[in-house]
Amino acid sequence: MSSVHDAFAAARRHFGPVHLLINSAGQAASAKFADTDPTLWNAILGVNLTGTYLCAREALPDMLQLGFGRIVNIASVAGLRGAAYISAYCASKHAVIGLTRALALELATKNITVNAVCPGFTDTDIVKEAIANIRSKTGRSEEEALAALVATNPQRRLITPEEVANAALWLCKPGTESVTGQSIVVAGGEVV
């Protein structure tokens, strides 16, 4: 918690009060539920959910004082529908969406919006690790492992980090004042 406080204090010194917050930290691990021990469970929830909570809690006083704020939480399509072998990740992302909705309602009259962006498999280190994990457990080639991941995306491709960033930035722009409590899916039609 002190590292979050210190990071926000440094940001305030350089940029002034916080009025935009994009919570984009994420961690995933593949394991059967029966093999998901409390250490793994707490590590995933600690980064994905508690990190989001701590950062929002740190930024909120500035936003309330300014009478303006935008919070965008990067969740996942796994937080909308679930997926096998990633129970801790799914639970954490479902919880981020729940936190987003609750906070949006709490702040609806304060000119502060709170939304989630829910990407599908995105071309990031987490997906590279998933591909390596599929390869090691199944003996599939890298191309086969990638094909298995993108099979759920009707466009049959990974989402780019820029697409996720563009959705988050849009939610911070003028003209989105009434968009709050939403889960914006960036997944090539995977969740309709």
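Residues numbered from 1 in each chain as written. Predicted model: local features only at pLDDT ≥ 70, side-chain atom pairs only at ≥ 80, totals over all residues. Heavy atoms only, no water.

1. Quick word on the packing of helix 1 (residues 2–15) against helix 2 (residues 38–66)
Part 1: Between helix 1 and helix 2, the shortest axis-to-axis distance is 10 Å and the interhelical angle comes to 35°. At the point where helix 1 passes helix 2, the crossing takes the right-handed sense. Residue-level inspection shows Val-4, His-5, Phe-8 and Arg-12 of helix 1 in contact with helix 2, the latter providing Leu-54, Cys-55, Glu-58, Ala-59 and Asp-62.
Part 2: Residues of the contact of helix 1 with helix 2, tallied by class, amount to five nonpolar, one polar and three charged. (Axes fitted to C-alpha atoms, helices over the stretch in contact; angles between N-to-C directions. Helix = DSSP H or I, 4+ residues; strand = E, 2+ residues; numbered from the N terminus. Left-handed = near helix turned anticlockwise from the far one by under 90°. Contact = heavy atoms within 4.5 Å. Nonpolar A, V, L, I, M, F, W, Y, C, P; charged D, E, K, R; others polar.)

2. Topic: the sheet that holds strand 1 (residues 20–23)
Part 1: One open sheet accounts for four strands, arranged 1-2-3-4; its pairing is parallel. The sheet is open, and its two borders are formed by strand 1 and strand 4 (183–186), each paired with just one other strand. Within the sheet, the average angular offset between the axes of one strand and its neighbour, ignoring direction, is 20°.
Part 2: In this structure, strand 1 lies alongside strand 2 (residues 69–74), joined through four bridges in parallel fashion. If you follow Ile-22 over to strand 2, its bridge partner there is Val-72.
Part 3: Here helix 4 (residues 87–106) sits on the sheet in contact with strand 2, strand 3 (112–119) and strand 4, set at roughly 160° to strand 3. (Pairing = 2+ DSSP bridges.)

3. Side note on the nonpolar core
Part 1: Ranked by size, the top nonpolar core spans 16 residues in total, and within it Phe-8, Leu-21, Met-63 and Ile-71 carry the most contacts.
Part 2: Put simply, the parts of the chain that give this core at least two residues each are helix 1, helix 2, helix 4 and strand 3.
Part 3: Contacts of Ile-71, omitting those with residues within four sequence positions, involve Leu-21, Asn-23, Ala-56, Met-63, Leu-103, Thr-113, Val-114 and Asn-115.
Part 4: Core analysis: the next-biggest nonpolar cluster, separate from the first, contains eleven residues, Ile-74, Ala-168, Val-179 and Val-186 among them. (Core = buried A, V, L, I, M, F, W, Y, C linked by side-chain atoms within 4.5 Å. Buried < 20%, exposed > 50% of the residue type's maximum accessible area, 1.4 Å probe, protein only.)

4. Brief notes about the pairing of strand 3
Part 1: Most of strand 3 sits inside the fold, with eight of its eight residues counted as buried.
Part 2: Residues of strand 3 alternate between two faces, with Ile-112, Val-114, Ala-116 and Cys-118 on one and Thr-113, Asn-115, Val-117 and Pro-119 on the opposite face, all of them buried.
Part 3: Here six bridges tie strand 2 to strand 3, and the two strands are oriented parallel to one another. If you follow Arg-70 over to strand 3, its bridge partner there is Thr-113.
Part 4: By the bridge criterion, four bridges tie strand 3 to strand 4 in an arrangement that is parallel.

5. Some words on helix 6 (residues 142–150)
Part 1: Of the residues making up helix 6, those classed as buried are Ala-145, Leu-149 and Val-150. When helix 6 is viewed along its axis, its buried side chains cluster within an angular range of 130° and face the same direction.
Part 2: Close packing links the buried residues of helix 6 with helix 5 (125–138). (Arc of directions from axis to C-beta.)

6. Focus on the pattern of salt bridges
Part 1: By the definition in use, this model includes five salt bridges.
Part 2: For Asp-62, the salt bridge is made with Arg-12, and the minimal N-O distance between the two is 2.6 Å. Of this pair, Asp-62 sits in helix 2 while Arg-12 sits in helix 1; the two residues are 50 residues apart in sequence, bridging distant segments of the chain.
Part 3: In this structure Asp-62 comes out as buried when scored by relative accessible area, which is 10%.
Part 4: By relative accessible area, Arg-12 is classed as partly exposed at 23%.
Part 5: Connected via shared salt-bridge partners are Arg-12, Glu-58 and Asp-62. (Salt bridge = Lys/Arg side-chain N within 4 Å of Asp/Glu carboxyl O.)

7. Considering the side chain of Asn-23
Part 1: By the element assignment, Asn-23 lies in strand 1.
Part 2: By relative accessible area, Asn-23 is classed as buried at 5%.
Part 3: Reaching out from Asn-23, the side chain makes a polar contact with the side chain of Asn-73 at a distance of 2.8 Å. (Polar contact = N/O pair within 3.5 Å; in protein donor to acceptor, adjacent residues only side chain to side chain.)

8. With respect to helix 1
Part 1: Taking 1.5 Å of rise per residue, 14 residues should cover 20 Å, and helix 1 covers 20 Å from first to last C-alpha, within 8% of that figure.
Part 2: Downstream of helix 1 by a residue or two, Gly-16 has a phi angle that is positive, lying close to 90°. (Expected span 1.5 Å × (residues − 1).)

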